[in-house]
Amino acid sequence: MAEHLSKTDISDWQDALVEWFAENGKSYPWRETTDPYAILASELMLQQTQIRTVLERSYYERWLEKFPDLETLAKASEEEILKAWEGLGYYNRARNLQKTAQHIIQEHNGEFPTAYADILDLPGIGPYTAGAVTSFAFDRPAPIVDGNVIRVLTRVFAYDEPIDTTAGKRQLWEWAEALTSHQQPRAYNSAIMELGQTLCTKGSPKCLLCPVATWCQSRDQPSAQSLPIKQKKTKITDKSERTLLLVDGSQVLLVQETGSRRKGLWRLPDLSKISVPKNHRTHLCGEMTYAITRYRVTMQVWSTRSPKALADSVEAAEWFSIKDLPALGAPYRRAILEFAGQNGEVS
DNA sequence: AAAGCGGGGAA
DNA sequence: TTCCCAGCTTT
């Protein structure tokens, strides 16, 4: 399909995007640097995560302040890393970022690799992130395909087949490859992503303002809104969870996550795993619902009037100051803040 | 090829 | 509610 575009077309398409971006491109902290480590940190934070989320809570700035370079990050403790990543989700990203730092120090003498294949080889870095670092940090040509680019390309080529298949992905990368700029890799890749983010949006694409509408087979078509097409629909399963909120003065009792989910983070103890003494009375503080991966979880929070007595029944638990909590899964943090008062009273 | 992995914002 | 977000890894 890209065969429909001649060499001149491709060049004009690139120029139009780059020119539009020069006029309309937004400034982000990670666009003001060419430090590959800083760019990589931003890219990992942004995987499946909206720009707004990263910006609003200053994850990027805080991360670079705490771990300004590869050496500092390589030596950090898991606890520090998870605390800095707390609330962002997909916590293996943080662990992989540290593994990458250690890998570069050991295998590349501390020099960030500039070759695409070497970057792709780093833990947690797939085709998209490798292309992003290659182009954004080193201004070298590399195709990228993310959620934004997928919208732009499927609409430009009126691609109405599912994109979450092997064939669909192959087609998208093929197009991205064919359109990659060898003149201005950094600007072009930034431009096509920003186009998808601001004009070629999910809801109602702003074709009227689009700098590349000339080349678009879905221009002003209602069909544009329905692209891209996905085939997978994840079905949500309901789950329930009973947790124990034990507060003693300014302290709260926590246990560490064991499974693969939220590994290394802390949480409220799971009441269903605790054998409560026969004559011990517990009461329900409240209930909240949250979503995680393919589950919708209804979480009950239980407590007691005599927390110290019950704490002995909780395996491998530790007391933490509520003012200085370790990295927690978001729902547990919310529950503590909502149900635990300042002076140990539990609602 | 499919499933697992977090959390939040927007329609 | 559902969908999506600067995706990657494991099964």
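Scroll up to find the structure this text is about.
Attention here is on the structure that accompanies the text. For clarity, every value in this text was computed on a predicted model and none was experimentally measured.

### Points about the overall build of chain A
Move 1: A tally of regular secondary structure across chain A gives 14 helices and 7 strands.
Move 2: By its C-alpha atoms, chain A is 80 × 50 × 35 Å across when sized along the principal axes.
Move 3: Counting the 347 residues in chain A, one finds 34% classified as buried.
Move 4: Put simply, 68% of the contacts in chain A that link residues at least 6 apart link residues at least 24 apart.

### What about the nonpolar core?
For soluble globular proteins, nonpolar side chains are generally found buried alongside one another.
Move 1: L17, A41, L153 and L245 are the most contacted members of the largest nonpolar core, which has 84 residues in total.
Move 2: Top contributing element to this core by residue count: helix α2 (residues 36-46), with 8 residues.
Move 3: Shared between two domains, this core holds at least three residues of each, these being domain 1 (7-146 + 162-197) and domain 2 (237-339).

### Remarks on helix α10 (residues 147-156)
Move 1: Most of α10 is tucked away, with 8 of its 10 residues classed as buried.
Move 2: Looking at the buried residues of α10, the elements they touch are α11 (166-179) and α12 (185-198).

### Side note on the protein's contact with DNA strand B
Move 1: Taken together, 21 residues are adjacent to DNA strand B, and G89, T166, R261, G329 and A330 come closest.
Move 2: Every element with two or more residues in the surface near DNA strand B is listed here: α3 (51-56) and β5 (282-292).
Move 3: In terms of residue class, the surface near DNA strand B is built from 5 nonpolar, 12 polar and 4 charged.

### Description of the protein's contact with DNA strand C
Move 1: What surrounds DNA strand C is a group of 27 residues, the closest being L46, G126, T129, D146 and G147.
Move 2: Elements represented by at least two residues in the surface near DNA strand C include exactly α2, α9 (127-138), α10 and α12.
Move 3: Examining the composition of the surface near DNA strand C, we find that 4 residues originate from one element, α9, more than from any other.
Move 4: The residue inventory of the surface near DNA strand C, partitioned by class, reads 11 nonpolar, 10 polar and 6 charged.

### Things to note about the packing of helix α6 (residues 78-85) against helix α7 (residues 92-107)
Move 1: Interaxial distance between α6 and α7 falls to 9 Å at its minimum, and their mutual angle equals 130°. Between α6 and α7, the angle falls in the class oblique. Regarding α6 and α7, the two cross each other, and that crossing is right-handed. Taken together, the residues of α7 that come into contact with α6 (itself represented by I81, L82 and W85) are A94, R95 and Q98.

### Looking at the pairing of β5
Move 1: Both β5 and strand β6 (residues 295-304) contribute to a ladder of 10 bridges, which runs antiparallel. Each residue of the ladder has a partner; that of M288, found in β6, is M299.

### What about the sheet that holds β5?
Move 1: The strand order across the open sheet formed by 3 strands is β1-β6-β5, and the pairing between neighbours is mixed. Taken across any chain shown, the strands that pair with only one partner, and hence form the sheet edges, are β1 (237-244) and β5. Between one strand axis and the next, the sheet turns by 20° as a mean value, whatever way the strands run.
Move 2: On the sheet, helix α14 (residues 330-339) packs against β1, β5 and β6 and is oriented at approximately 145° with respect to β5.

### Let's talk about the environment of L46
Move 1: Turning to its location among the elements, L46 is positioned in helix α2.
Move 2: C-alpha separation for the pair L46 and L88, spaced 42 residues apart in sequence, amounts to 9.3 Å.
Move 3: Look past the residues within four positions of L46 in its chain and what remains in contact with it is I51 and V54.

### Topic: unusual backbone geometry
Move 1: With an omega of 0°, the peptide bond between L227 and P228 qualifies as cis.
Move 2: On the secondary structure map, P228 appears in the loop between α12 and β1.
Move 3: Phi at N109 is positive, roughly 60°, even though this residue is not glycine.
Move 4: Using a count of 7 C-beta atoms within 10 Å as the deciding quantity, one classes N109 as exposed.
Move 5: For D220, which is not a glycine, the phi torsion comes out positive at approximately 60°.
Move 6: Tracing the sequence through the fold places D220 in the loop between α12 and β1.
Move 7: When the 11 C-beta atoms within 10 Å are taken as the criterion, D220 is described as exposed.

Definitions and cut-offs
Residues numbered from 1 in each chain as written. Chains lettered and ligands numbered in written order. Predicted model: local features only at pLDDT ≥ 70, side-chain atom pairs only at ≥ 80, totals over all residues. Helix = DSSP H or I, 4+ residues; strand = E, 2+ residues; numbered from the N terminus. Buried ≥ 20, exposed ≤ 12 C-beta atoms within 10 Å, placed from the backbone. Contact = placed C-beta atoms within 7 Å. Core = buried A, V, L, I, M, F, W, Y, C linked by C-beta atoms within 7 Å. Domains from an automatic or database assignment. Near = placed C-beta within 6 Å. Nonpolar A, V, L, I, M, F, W, Y, C, P; charged D, E, K, R; others polar. Axes fitted to C-alpha atoms, helices over the stretch in contact; angles between N-to-C directions. Parallel < 35°, antiparallel > 145°, perpendicular 65-115°, else oblique. Left-handed = near helix turned anticlockwise from the far one by under 90°. Pairing = 2+ DSSP bridges.

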